Amino acid sequence: MFSSFRPKSFSLLLDHHLSIPPPSLKWISTTTIEAPSQIAQSAEISLPLFFRAGVNQKHSDSELAIVSALKSCSSRKALSQGLQIHSLVLKSGLGSNTFVTNSLINMYAKCGFVSDARSLFDACEKLDSVPYNIMVSGYVKFGQLENARQLFEKMPSKGCISYTTMIMGLAQNDCWKEAVEVFKDMRFVGVAPNDVTLASLISACLHVGGVWDCRMLHGLVIKLNLQGSVFVSTNLLNMYCGCSSVGEARMLFDEMLEPNLVSWNVMLNGYSKAGLADLARDLFERIPTKDVVSWGTIIDGYVQVERLSEALMMYRAMLSTGLRANDIMLVDIISACGRLTAIAEGRQFHSLTVKAGFDCYDFIQATVINFYAACGSINLACLQFEVGMKDHLPSWNALIAGFIKNGMIEQARQLFLEMPERDVFSWSTIISGYTQNEQPDVALELFHEMIACGMQPNEITMVSVLSAIATLGTLKEGRWAHEYVLSNSIPLNDNLSAALIDMYAKCGSINTALEIFYQIRDKASTVSPWNAAICGLAMHGHAKLSLEIFSDLERFCIKLNSITFIGVLSACCHTGFVGAGERYFKNMKNVYNVEPDIKHYGCMVDLLGRAGRLEEAEEMVKSMPMKADTIIWGTLLAACRTHGNVEIAERAAESLARLEPSHGASRVLLSNIYSDAGRWEEAFLVRRDMQMLRMKRSPGFSGVV
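A brief report on the enclosed structure follows.

Basis of the calculations
Residues numbered from 1 in each chain as written. Predicted model: local features only at pLDDT ≥ 70, side-chain atom pairs only at ≥ 80, totals over all residues. Heavy atoms only, no water. Helix = DSSP H or I, 4+ residues; strand = E, 2+ residues; numbered from the N terminus. Buried < 20%, exposed > 50% of the residue type's maximum accessible area, 1.4 Å probe, protein only. Contact = heavy atoms within 4.5 Å. Areas by Shrake-Rupley, 256 points an atom, 1.4 Å probe, with all protein chains shown as cover. Phe/Tyr/Trp six-rings, centres within 6.5 Å; stacked < 30°, edge-to-face > 60°. Lys NZ or Arg CZ within 6 Å of the ring centre and 35° of its normal. Core = buried A, V, L, I, M, F, W, Y, C linked by side-chain atoms within 4.5 Å. Axes fitted to C-alpha atoms, helices over the stretch in contact; angles between N-to-C directions. Parallel < 35°, antiparallel > 145°, perpendicular 65-115°, else oblique. Nonpolar A, V, L, I, M, F, W, Y, C, P; charged D, E, K, R; others polar. Salt bridge = Lys/Arg side-chain N within 4 Å of Asp/Glu carboxyl O. Expected span 1.5 Å × (residues − 1). Left-handed = near helix turned anticlockwise from the far one by under 90°. Disulfide = S-S within 2.5 Å.

Some thoughts on the overall build of the chain
- Helices and strands together make up the secondary structure of the chain, namely 39 helices and 0 strands.
- Looking at the chain residue by residue over its 705 residues, the buried ones come to 47%.
- The long-range fraction of contacts in the chain, counting pairs at least 24 apart against all pairs at least 6 apart in sequence, stands at 62%.
- Summed over all atoms, the accessible surface of the chain reaches about 35000 Å², with 53% contributed by carbon and sulfur.

Topic: the packing of aromatic side chains
- The tally for this structure, following the rule as stated, stands at 18 aromatic pairs.
- When the ring of Phe152 is compared with that of Tyr163, the centres are 5.5 Å apart and the planes differ by 80°; the resulting orientation is edge-to-face. Separated by 11 residues along the polypeptide, Phe152 in helix H7 (residues 145-154) and Tyr163 in helix H8 (residues 160-172) bring together distant segments of the chain.
- Residues Phe371 and Tyr372 carry aromatic rings whose centres are separated by 4.8 Å and whose planes lie at 55° to one another, so their mutual orientation is tilted. Like Phe371, the residue Tyr372 is buried in the burial classification.
- Every member of this aromatic cluster is reached through a ring pair, and the members are Phe517, Tyr518, Trp530 and Phe556.
- For Arg422, the ring lying beneath its charged end belongs to Phe416, and the centroid distance is 4.3 Å.

A few points about the nonpolar core
- Formed by 212 residues in total, the largest nonpolar core has its most connected members in Ile299 and Met462.
- Top element by residues in this core is helix H28 (residues 494-506). It accounts for 8 residues.
- When near neighbours in sequence (up to four residues on either side) are disregarded, Ile299 contacts Ala311, Met314, Tyr315, Met329 and Ile333.

Things to note about unusual backbone geometry
- Although it is not a glycine, Asp174 adopts a positive phi angle of roughly 65°.
- Mapped onto the fold, Asp174 is located in the loop between H8 and helix H9 (176-188).

Structural notes on the packing of helix H12 (residues 230-242) against helix H14 (residues 261-273)
- Between H12 and H14, the least distance of the axes is 9 Å, while the angle of their chain directions is 5°. The angle between H12 and H14 falls in the class roughly parallel. In contact with Val230, Thr234, Leu237, Asn238 and Cys241 of H12, H14 contributes Val262, Ser263, Val266, Met267 and Gly270.
- Along the lines of polarity and charge, the residues of the contact of H12 with H14 split into 6 nonpolar, 4 polar and no charged.

Digging into the pattern of salt bridges
- Counted according to the given criterion, the structure contains 21 salt bridges.
- Across the pair Arg250 and Asp254 runs a salt bridge, and its minimum N-O distance is 3.0 Å. Taken together, the positions of Arg250 and Asp254, both in helix H13 (residues 246-255) and 4 residues apart, correspond to about one turn of that helix.
- When salt bridges that share partners are traced, they join Arg521, Asp522, Asp552 and Arg555 into one network.

Remarks on the environment of Ala311
- Relative to the assigned elements, Ala311 resides in helix H17 (residues 308-320).
- Beyond its immediate stretch of four places on either side in the chain, Ala311 contacts Ile299, Tyr302 and Val303.

Let's talk about the environment of Met314
- Its location among the elements puts Met314 in helix H17.
- On a C-alpha basis, the gap between Met314 and Gly296 in space is 9.1 Å, while along the polypeptide they are 18 residues apart.
- With residues near it in sequence (within four places) discarded, Met314 still touches Arg281, Phe284, Trp295, Ile298, Ile299 and Tyr302.

Section: helix H20 (residues 362-374)
- Between the first and last C-alpha of H20 there are 19 Å, a value that for 13 residues agrees with the 18 Å anticipated at 1.5 Å per step.
- Here H20 has its buried residues at Ile364, Gln365, Ala366, Thr367, Val368, Ile369, Phe371, Tyr372 and Ala373.
- After H20 finishes, the residue Gly376 shows a positive phi value of roughly 85°.

Some thoughts on the packing of helix H18 (residues 327-339) against helix H19 (residues 343-356)
- Interaxial distance between H18 and H19 falls to 9 Å at its minimum, and their mutual angle equals 155°. Compared by their axis directions, H18 and H19 come out roughly antiparallel. You can see that H18 and H19 cross each other, and the crossing is left-handed. Mapping the contact onto sequence places Leu330, Ile333, Ile334 and Cys337 in H18 and Glu345, Gly346, Phe349, His350 and Thr353 in H19.
- For the contact of H18 with H19, the residue count by class is 5 nonpolar, 3 polar and 1 charged.

Notes on helix H30 (residues 528-539)
- Look at H30: 16 Å from first C-alpha to last across 12 residues, which is about the 16 Å you get at 1.5 Å a residue.
- Of the surrounding secondary structure, the elements contacted by the buried residues of H30 are H28, helix H29 (510-520), helix H31 (543-554) and helix H32 (562-575).
- Phi turns positive one or two residues past the end of H30, at Gly541, with a value near 85°.

A short note on the side chain of Thr353
- Looking at where Thr353 falls in the secondary structure, it is placed in helix H19.
- Filtering out sequence-adjacent residues up to four positions away, Thr353 remains in contact with Leu330, Ile334, Phe358, Asp359 and Ile364.

Comments concerning the environment of Gln384
- With respect to the helices, strands and loops of the structure, Gln384 is situated in helix H21 (residues 378-387).
- Taking the relative accessible area as the measure of exposure, Gln384 reaches 13% and is therefore buried.
- Counting along the chain gives 12 residues from Gln384 to Tyr372, while the straight-line C-alpha distance between them is 8.9 Å.
- Those residues in contact with Gln384, other than ones at most four positions away along the chain, are His350, Gln365, Val368 and Ile369.

With respect to the state of the cysteines
- For the structure shown, the criterion picks out 0 disulfides.
- For the unlinked cysteine Cys573, the closest cysteine sulfur is that of Cys603, found at 5.5 Å.
- Note on Cys573: relative accessible area 8%, which makes it buried.

Okay, structure coming up:
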């Protein structure tokens, strides 16, 4: 096909006068960056040089002009000019020139005509590593990984560029494990990596490795004397932050001689994602020149820890510098307003998206729907959905999730049935909705329907499915779901691992739950799997082992949350470790910066009540920063019966009656306390009041399958 192309309108090109560069020709990497003005003029400059040198004579200047012109065509994706040059190459007899041929292959590959590049490649009699590298690069760039793999295996001699190109292509196409294997082969054959190789490898390891892999890569970087490369160090910095090891990330950052703005932003993002807003602010103030990414990251840092007022203050400070919010920043702030139900602030930012013209973006529409639904304004969420584009699937998903958040499961199901198409998030949302609304059997029916229609569940789907199975307590179904996760290679992230541990614990197989925990413990980057193990053991009465696992957790650099301490305090209740329980409760706020909620106070009342320290338990109820609910007063009342304290029991029962006048169980309990104390008249009066008010005590039932 190539010989059919002819040059067009070369007369204009011949009018230019040039100064010929020295005739020293060598192959230069095709990734060299030129200034835009040079790229725009290079093709026009190089072609006249070729003509003046003579089409039929082999002149080094002619070769240089052709190579330079083809390089410009590659950079500009100028296929039309490249085809004309190819035609001239064929007429001039330069088609057998190695440098020219490599430039032609590169031009076709860069312009997306990989099959034409391969035709030229196959026509070459002698091939070195350069055309192989060009073809592999072209294949991976356009997603033809299988072709890239086959050609890479055929390469006669692979150098650093060959391996780097393949590793980079695999990493960019999410084949992270394979990229690591190619790097191992590279090291095995003795090929030394460069900074681009290491940066691509670090990018791959971020998705498949943990903090120990990061440390090994850091050691390799030092061994290869590449720690001075900002490119490599910034990628390492990002991996440390991604592994939740911001302390080591900061040490690396402080060792960098000249961090660029990307390095500053990566470190800033590490602090923000870890919830260390104050450290993030200190670092932010030190950034020499801040861009919109820097401002967006510090705003996100405050949003992550729900300090919305400070996030808005930083937003106003950014505006004073002349910078304006981008669409990503507005999405972040509106999402935060939804989580904090800040309806007034969120509506202001909604108006900003309209003024900025961002409201036409699909993801903005979904964010606004989610915001109004999270704030309980479901009518406004429906209105936003109606005025938006109906072919945008995330908007459907956002409204379904909004209905579920507002307890409107039937409306969510109806909208789900009306969807023109469904993706994995649609199915995951509706399955999660039925699980949250205590209809686990319907959730499992939908899951099996999802599989039957050919939709592949993801880890989010399986978390909801395992939660439904845990509620039902069907161990057989749980084992089937676990096997499904393994056989379908669904990524076992921390949330899914925690769901598996929780499911096995609630289905009665605590040993299997522990096996899974010990398998993933060292890989976990969040506290979720630890919480599942601690709470599961406490629930099964293995309180000492539960507290031992908590002690192990304290040695890891993992941020604890409120659920962790519910499990720990429950374990203390089962074993009667009052002193330890009081210490853990105090350390929640003082050491771990976790604010106790009503469930933690409930555990402490139970702990003190079981130990017979009823006066202290009552005092704790009175000193709580929130109003005690029926569960806490009921817990105190039950402890009063155990220890025969009528006085505190009367006060607890009176408080219960004020909260819930029809609470029959508390009246029965108070009557029994009077009976145990021999105060039969009071017991009779309580029973008579129950009959007059027609109170009934709900009978107990077993949830064991």
